[in-house]
Amino acid sequence: MALEAYAEDTPPPRQQRQRLTVVPVATVTLAHRIDDVAASWSALEAAQIESPGQNLAFTRAWVSAFGIAEADQFYLVAAFDGEPVALLPLWRRRVRGVRLLSWFPGPHVGCNAPLVDAERVATLGSVERAALWSAMLERLEGADLIYLKSVPQLFVAGVDIFAELGRTIEAETLYRAQFSSWDDANTTQRSKSRRKHDRQQGERLEALGQVAFEEVRGGPAAVAILDVMFRQRAARFVAMGVPDPFAEPGVRDFYDATLSPGSGIDVRLHVLRLNGEIVAVRYNIAHGERLFCLISSMSDDATIQTGSPGKQCLLRVMQTVFDAGYRVFDMGAGFTDEKRHWCNLKLPVRQHYVPLTTLGTVAARGHLGWQVLRQKLKANKAVMS
């Protein structure tokens, strides 16, 4: 029933443009060690990534922190004439009796996607793209279902390059700020009333003492900042009455590892202090001209919150990063007030399902049905209230 409801309520996907192309046969390899695909990964990552989860060093640190067995690491690489065109990194876990293949970082990144040579994939017709994914996925054994969470709907040369990858349903929205400079962001996103409001909040915070803002990249000071950040986040989760995703074993080890010398991960911690004490933190990962925010936190002290330290920290981030050479600041999926204020790009993300067994088909049908119901509930104002 859930799948029938989805088919009725959701308009059919836009027909992909066909091209009369001569496509070489894809050579597909499956590896269980990340180092075996490092060269292909680096080549595909060099252009641009949509998520920290597409970063080789990020995934290597994740595998190490969680002690993931080689047998549960799956790295699929497709190549045309020896040149890598797509890479799919997957972690096998057992969830409620289902052998599931999914992204390594899961919800710890705002979105994730296969690494691809986007321009090359866009030159293929929809049939050829479907054949490419099929050639890759048919190599998989020992799992029931591939579940790819929060894959951005990416159009390259007018082509939705991930449309043929399994069955999909639109989930949430990814929010990004894209500007050429702070002046561009300030002019585009901040109205006169918004600037006045920000100024008033800043004055209330400054009335409490000396305010300072800094960027920290690593070292012992960065680890101490993480301690405060996770304490602030834990308190927030308690107040919200929801489980703390950062309390899972291995998570803190991973974030500590990202700050280690030689990790290969470019972490930028933006820190706001009041009288020397940390009142707000944003944990970001830089890659080229893009900055990805994975975690934000602020003090739960009611007195300090009158000065909106979280928003004041973000204001200073925006005043800094675009003039520092970044052009995209990714703030993750899910709507918040601060994203409404600052983000001028909204990118749909979808869940992709590829069943590999009968059990996987049943599990995909149930999960997809729940996604449909969840969207209907969220759209019902009476229910949400």
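As the structure is a prediction and not an experimental result, all values here were calculated from the model.

Residues at a pLDDT of 70 or more form 93% of the protein chain, whose mean pLDDT is 91. Under a pLDDT of 50 for its full length, residues 1-21 has, in the predicted model, 40 contacts with residues more than four places off or in other chains.

Within the chain, N275 stands out as a residue other than glycine whose phi angle is a positive 55°. One can find N275 in the loop between β11 (266-274) and β12 (277-287). One non-glycine residue, S308, adopts positive backbone phi at about 45°.

Overall, the coordinates contain 21 salt bridges when judged by the stated rule. Two residues, D330 and R176, come together in a salt bridge whose shortest N-O distance is 2.7 Å. Remark: R176 occurs in strand β9 (residues 167-178) and D330 occurs in strand β14 (residues 328-333); sequence separation between them is 154 residues. Residue classification places R176 among the buried positions, given a relative accessible area of 6%. Its salt-bridge partner being D256, residue R252 comes within 2.8 Å of it at the nearest N-O pair. Residue R252 and its partner D256 are located together in helix α9 (residues 251-258), separated by four residues, close to a single helical turn. When its relative accessible area of 24% is taken as the criterion, R252 is described as partly exposed. One network of salt bridges, in which partners are shared, links E50, R176, R290 and D330.

In total, this model carries one cavity of 30 Å³ or more according to the counting rule given. Mapped onto the lining of the largest cavity, the elements with two or more residues apiece are α7 (192-206), α11 (309-321) and α12 (337-342). Taken together, the residues of the lining of the largest cavity break down into three nonpolar, one polar and four charged.

Here we take up the pairing of β12. Burial within β12 is extensive, with ten of its eleven residues counted as buried. Pairing of β11 with β12, which is carried by nine bridges, proceeds in the antiparallel orientation. Paired with D266 across the strands is A286, a residue of β12. Between the antiparallel neighbours β11 and β12 lie two residues, among them N275 with a positive phi of about 55°.

Parameters at a glance
Residues numbered from 1 in each chain as written. Predicted model: local features only at pLDDT ≥ 70, side-chain atom pairs only at ≥ 80, totals over all residues. Heavy atoms only, no water. pLDDT = per-residue confidence, 0-100. Contact = heavy atoms within 4.5 Å. Helix = DSSP H or I, 4+ residues; strand = E, 2+ residues; numbered from the N terminus. Salt bridge = Lys/Arg side-chain N within 4 Å of Asp/Glu carboxyl O. Buried < 20%, exposed > 50% of the residue type's maximum accessible area, 1.4 Å probe, protein only. 1 Å grid on protein atoms, 1.4 Å probe; cavity = no way out; pocket = protein on both sides within 12 Å on 5 of 7 lines; lining within 4 Å. Points joined across faces, edges and corners; volume = space filled by probe spheres on them. Nonpolar A, V, L, I, M, F, W, Y, C, P; charged D, E, K, R; others polar. Pairing = 2+ DSSP bridges.

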